Amino acid sequence: MVIIKNEFFRRNPKLVAIDLLGKILVRIIDNKALEGIIVETEAYFGQDDPASRAYHGKKNYNKEMWDDPGKIFIYNVHNNWMFNVVSHEDGKVGAVLIRALHPLKGVEEMMRNRKIKDIRKLTNGPGKLTKALKIDKSLSGKFLSPKNSIYIEDRGVKVKIGSSHRIGVRKDLKEKLRFFVIDDEFVSR
DNA sequence: AGGAAGATCTACT
DNA sequence: GTAGATCTTCCTA
């Protein structure tokens, strides 16, 4: 039961993406905890990464990526909120996108937020998990912290990790930057 | 004012 | 499994 500190995110986003698998994302709503194991992530770099939001330089909608590691960065795509954590070494730019969770606690609450009954479709995609956990733009720019009702814990869960190219990306890098837990049914696709 | 977006849902072959 | 409609932010003009 260790809450992850901001320093965890002060390194290459690829390493952060790998290390986040098996960690627990905790979201507090009305004093109740909604929890899920992180089972799918993607790493994004800065201006040399054509798939990154930061590729075209600093803009209003992406400026958080230049901020300190550990900050939450949220953007909207097709009416879906994408949940990222700013991750980079000093002087660089980058973020890790959380793509899927394996629900642990507060499942009833999440189903109500999503208005569905099938648990397997509850949090198996980036836009789905933000709705289930009531994450939206208002959290963008805040740090992961119990103070802000959202944080990540390490409970020592061990997972088998696989990798692939990123999803939905038009111009991907050669490197494989999507990481997921092997044999977990909550991984998207 | 117009358009595009790292997705999701639904309805099928 | 794949294909097509969807509809909200936020960008560029």
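The text that follows walks through the structure, step by step, so that each part is easy to find.

What counts and what doesn't
Residues numbered from 1 in each chain as written. Chains lettered and ligands numbered in written order. Predicted model: local features only at pLDDT ≥ 70, side-chain atom pairs only at ≥ 80, totals over all residues. Heavy atoms only, no water. Buried < 20%, exposed > 50% of the residue type's maximum accessible area, 1.4 Å probe, protein only. Helix = DSSP H or I, 4+ residues; strand = E, 2+ residues; numbered from the N terminus. Contact = heavy atoms within 4.5 Å. Salt bridge = Lys/Arg side-chain N within 4 Å of Asp/Glu carboxyl O. Near = heavy atom within 4 Å. Polar contact = N/O pair within 3.5 Å; in protein donor to acceptor, adjacent residues only side chain to side chain. Phe/Tyr/Trp six-rings, centres within 6.5 Å; stacked < 30°, edge-to-face > 60°. Lys NZ or Arg CZ within 6 Å of the ring centre and 35° of its normal.

Notes on helix α2 (residues 107-114)
Most of α2 is tucked away, with six of its eight residues classed as buried. Among the residues making up α2, those that are buried are Val107, Glu109, Met110, Met111, Asn113 and Arg114. Elements in contact with the buried residues of α2: β3 (32-44), β6 (95-105) and α3 (126-132). Just beyond α2, the residue with positive phi is lysine 115, at close to 60°.

What to know about the pattern of salt bridges
Scanning the entire structure with this criterion turns up 18 salt bridges. Measuring nitrogen to oxygen at the nearest pair gives 2.9 Å for the salt bridge that ties glutamate 40 to arginine 99. A residue pair is termed long-range when its members are at least 10 positions apart, and glutamate 40 in strand β3 and arginine 99 in strand β6 qualify at 59 residues. As far as burial versus exposure is concerned, glutamate 40 and arginine 99 are alike and both buried. For the salt bridge of arginine 178 with glutamate 40, the shortest nitrogen-to-oxygen distance reads 2.8 Å. You can see arginine 178 sitting in strand β9 (residues 178-181) and its partner glutamate 40 sitting in strand β3, a full 138 residues away along the chain.

Quick notes on the protein's contact with DNA strand C
Taken together, the neighbourhood of DNA strand C is formed by Lys59, Asn60, Tyr61, Asn76, Asn79, Trp81 and Lys137. Backbone atoms, meaning sugar plus phosphate, form 91% of the atoms of DNA strand C positioned within 4 Å of the protein. Between DNA strand C and tyrosine 61, the relevant distance is 3.3 Å, taken from a phosphate oxygen to a main-chain nitrogen or oxygen of the residue. A distance of 3.3 Å separates a sugar or linking oxygen of DNA strand C from a polar atom in the side chain of asparagine 79.

Observations regarding the packing of aromatic side chains
By the definition in use, this model includes two aromatic pairs. With 5.1 Å between their ring centres and 75° between their planes, phenylalanine 8 and phenylalanine 9 make a pair best called edge-to-face. With respect to class, phenylalanine 8 is no different from phenylalanine 9; both count as buried. Ring geometry for phenylalanine 73 versus tyrosine 75: centroids 5.4 Å apart, planes at 45°, classification tilted. Phenylalanine 73 gets classed as buried once you look at its relative accessible area, which sits at 1%. Since its relative accessible area comes to 10%, tyrosine 75 is described here as buried. Looking at arginine 11, its charged tip hangs above the ring of phenylalanine 8, at a distance of 4.6 Å from the centre.

Digging into the environment of arginine 112
Tracing the chain through its elements places arginine 112 in helix α2. Considered as a pair, arginine 112 and alanine 132 are 20 residues apart in the sequence and their alpha carbons are 8.0 Å apart.

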